[in-house]
Structure formats: C-alpha cells, structure tokens
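Here is what each chain is made of, one letter per residue.
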Amino acid sequence: GAVVSQHPSWVICKSGTSVKIECRSLDFQATTMFWYRQFPKQSLMLMATSNEGSKATYEQGVEKDKFLINHASLTLSTLTVTSAHPEDSSFYICSARDPRQSTDTQYFGPGTRLTVL
Amino acid sequence: SQQGEEDPQALSIQEGENATMNCSYKTSINNLQWYRQNSGRGLVHLILIRSNEREKHSGRLRVTLDTSKKSSSLLITASRAADTASYFCATETQGGSEKLVFGKGTKLTVNP
C-alpha cells in the first residue's frame, strides 16, 4: 500500500510554545489530507481536511487559529499547534488517499504524540 | 463527530478462537473500512467494503455489511496472540468528501 509518514513521531514542549507536525505522502501525490486527534483510550476524531493550494476545512469545534494547517505541496501538509497547552496533549494522525488506486482506502501516518508540559 | 458504535468495547479470547466485532453507523455511506491499531501506534488498514457489497474476505478476516441495518461485522478466525490490538470501523459518508468517521473501537486481547 501507499506510504504516509509523519515527523516528529513524538514531541514534548512547554506550555505556550508552538509545535509543527509534518505529514508526507512518500510515493504518491495527495491533493487532500486529513488530520485526526486521538486522546488516550479513545477513538480518532477528525480535526480538519487539508486541501493543497487552498484553505483547510475544519470540523465543528476545532479552532482554526489554534491548529494551523498548511498544504503547500502535493506531498506535504503541516499542522501547527499554536500556544500549546496541556489539554492539547494527544496523538495526532494524518491520512491520505492514493489517487492512483481504484480503491477508496485511506492510508494513515504512524502518528505524532504531543505532550505539553 | 463519531457516528460509529462498536461492540463489544473490549473482548478477551483464547488463541485459536474466533473474534467477532460489530459496528453500527447512522448515515448513508460510500464504504466502510476496518482498521487495526496497536497500542500507541498508527492505524493499519485491514479491509474496505463498499456500500453495494455484502461480504468480503481477506485471509483470516471476514467482513459483512448490512446497509439496511447500518451495521457491519469483522470476524477474525483462528486468532493469534499477535492479533491483540484495538480495531476500529470507519465510514466514508456519501457525498464525495473522503472524510472518515470512526467508531469507538473494540479492544481485542488474545491470550496465548
């Protein structure tokens, strides 16, 4: 299957700082990528849809000024958590669909664990 | 928002037994996908079933879909300790957005 990577795999930061997480499609181009958040022992919640060359679409209840998304190329989307607070500590996962495939399978990155102290 | 509900929330079985997990959803869908997640890791895609399909197999996995009941089941046959993980269903709703809505997941423990 297609490969999606994320960087970093984990990050610890101080409260009030900003953290950038990268999501890359390694062997395909993705005009659309998705960002999810997963709290411990819970399911994945879609945060936003990242659109190459245009503004991201945020789900209800997700603050767009706090979670900045940039999809500047067909292989890279970034999520920046601004002014992070301990309640932002979570597992952030991105996904994308490989347009070369006829299936509708979404491929997920390995996730980034964010801990805000 | 989550539209899927999985049951059971947790399942503990012995190696060699079969494991069945169920998923229900609320809206019309294009497809339903099952994923596996080992603790603290990313998601691994297991199988996708389209709305016009009723059953699909992949190795030891069997997935059924009943669109009239808005439900799906995942059967893992002859389970192994390595199957221990959390399993999630995710639905892609009609409309072409490609967004996935995840269920709450079933935590499966296979005891050696």
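Here, the structure is the one placed above.
Everything numeric here is computed off the predicted structure, so don't read it as measured data. (Residues numbered from 1 in each chain as written. Chains lettered and ligands numbered in written order. Predicted model: local features only at pLDDT ≥ 70, side-chain atom pairs only at ≥ 80, totals over all residues. Heavy atoms only, no water.)

**A short note on the state of the cysteines**
Scanning all chains against the criterion turns up two disulfides over all chains. Covalently, Cys-23 of chain A is tied to Cys-94 of chain A through a disulfide, its sulfur atoms 2.0 Å apart. Linking Cys-23 of chain A and Cys-94 of chain A, the disulfide has an S-S dihedral of approximately 85° and is accordingly described as right-handed. Taken together, the positions of Cys-23 of chain A in strand 3 (residues 19-25) and Cys-94 of chain A in strand 9 (residues 90-97) put the pair 71 residues apart, joining distant regions of the chain. Looking at Cys-23 of chain A, the relative accessible area reads 0%, which means it is buried. With relative accessibility at 0%, the residue Cys-94 of chain A sits in the buried group. Covalently, Cys-23 of chain B is tied to Cys-89 of chain B through a disulfide, its sulfur atoms 1.9 Å apart. Residues Cys-23 of chain B and Cys-89 of chain B are joined by a disulfide whose S-S torsion is about 65°; by sign, that bridge is right-handed. (Disulfide = S-S within 2.5 Å. Helix = DSSP H or I, 4+ residues; strand = E, 2+ residues; numbered from the N terminus. Buried < 20%, exposed > 50% of the residue type's maximum accessible area, 1.4 Å probe, protein only.)

**Some words on a nonpolar patch on the surface**
A contiguous nonpolar surface patch, about 390 Å² in accessible area, is contributed by Trp-10, Ile-12 and Leu-117 of chain A. Secondary-structure assignment places Trp-10 of chain A in strand 2 (residues 10-13). (Patch = residues over 30% accessible without salt bridge, like charges linked within 9 Å, V, L, I, M, F, W, Y side chains within 5 Å. Areas by Shrake-Rupley, 256 points an atom, 1.4 Å probe, with all protein chains shown as cover. Salt bridge = Lys/Arg side-chain N within 4 Å of Asp/Glu carboxyl O.)

**Considerations on the nonpolar core**
Residue and element names in this part refer to chain A. Ranked by internal contacts, the top residues of the largest apolar core, which has 26 residues, are Trp-35, Phe-67, Leu-79, Tyr-92 and Leu-114. Counting residues per element, the ones that place at least two in this core are strand 2, strand 3, strand 4 (32-38), strand 5 (44-51), strand 7 (67-73), strand 8 (76-81), strand 9 and strand 11 (112-116). Contact partners of Leu-79, with chain neighbours within four places excluded, come to Val-19, Lys-20, Ile-21, Trp-35, Phe-67, Leu-68, Ile-69 and Tyr-92. (Core = buried A, V, L, I, M, F, W, Y, C linked by side-chain atoms within 4.5 Å. Contact = heavy atoms within 4.5 Å.)

**Overview of the pairing of strand 7 of chain A**
All names here are of chain A. As judged from the five bridges shared by strand 7 and strand 8, these two strands associate in the antiparallel manner. Across the sheet, Phe-67 pairs through a bridge with Val-81, a residue of strand 8. The turn linking strand 7 back onto strand 8 is made up of two residues. (Pairing = 2+ DSSP bridges.)

**Here we look at the interface of chain B and chain A**
Of the residues lining the interface, 22 residues belong to chain B; the matching set on chain A comes to 23 residues. Summed over both partners, the interface of chain B with chain A comes to about 1,700 Å²; 52% of that surface belongs to carbon and sulfur atoms. In this assembly, chain B and chain A are joined by two salt bridges. The salt bridge involving Arg-97 of chain A is made with Glu-92 of chain B; its shortest N-O contact spans 2.4 Å. Counting every contact that joins chain B to chain A gives eight residue pairs in polar contact (both at pLDDT 80 or more). Contributions of two or more residues to the side of chain B that touches chain A are made by strand 4 (29-37), strand 5 (43-50), strand 9 (85-93) and strand 10 (100-102) of chain B. (Buried area = accessible area lost by both parts, 1.4 Å probe. Polar contact = N/O pair within 3.5 Å; in protein donor to acceptor, adjacent residues only side chain to side chain.)

**Concerning the packing of aromatic side chains**
Here the structure, examined in full by the defined rule, presents seven aromatic pairs over all chains. Centroid distance Phe-108 of chain A to Tyr-35 of chain B: 5.0 Å. Interplanar angle 80°. Geometry classified as edge-to-face. Residue Phe-108 of chain A is found in strand 10 (residues 106-108), and its partner Tyr-35 of chain B is found in strand 4; the two belong to separate chains. Using a relative accessible area of 9% as the deciding quantity, one classes Phe-108 of chain A as buried. With relative accessibility at 0%, the residue Tyr-35 of chain B sits in the buried group. Between the aromatic rings of Tyr-35 of chain B and Phe-102 of chain B, the centroid separation amounts to 5.8 Å while the plane-to-plane angle is 45°, which identifies the pairing as tilted. One end of the pair, Tyr-35 of chain B, is in strand 4; the other, Phe-102 of chain B, is in strand 10, with 67 residues separating them in the sequence. Here Tyr-35 of chain B and Phe-102 of chain B have matching classes, each one buried. Aromatic rings pair up to connect Tyr-36 and Phe-108 of chain A together with Tyr-35, Phe-88 and Phe-102 of chain B into one cluster. (Phe/Tyr/Trp six-rings, centres within 6.5 Å; stacked < 30°, edge-to-face > 60°.)

It is worth stressing that arrangement in space is one thing and function is another; only the former is reported here.
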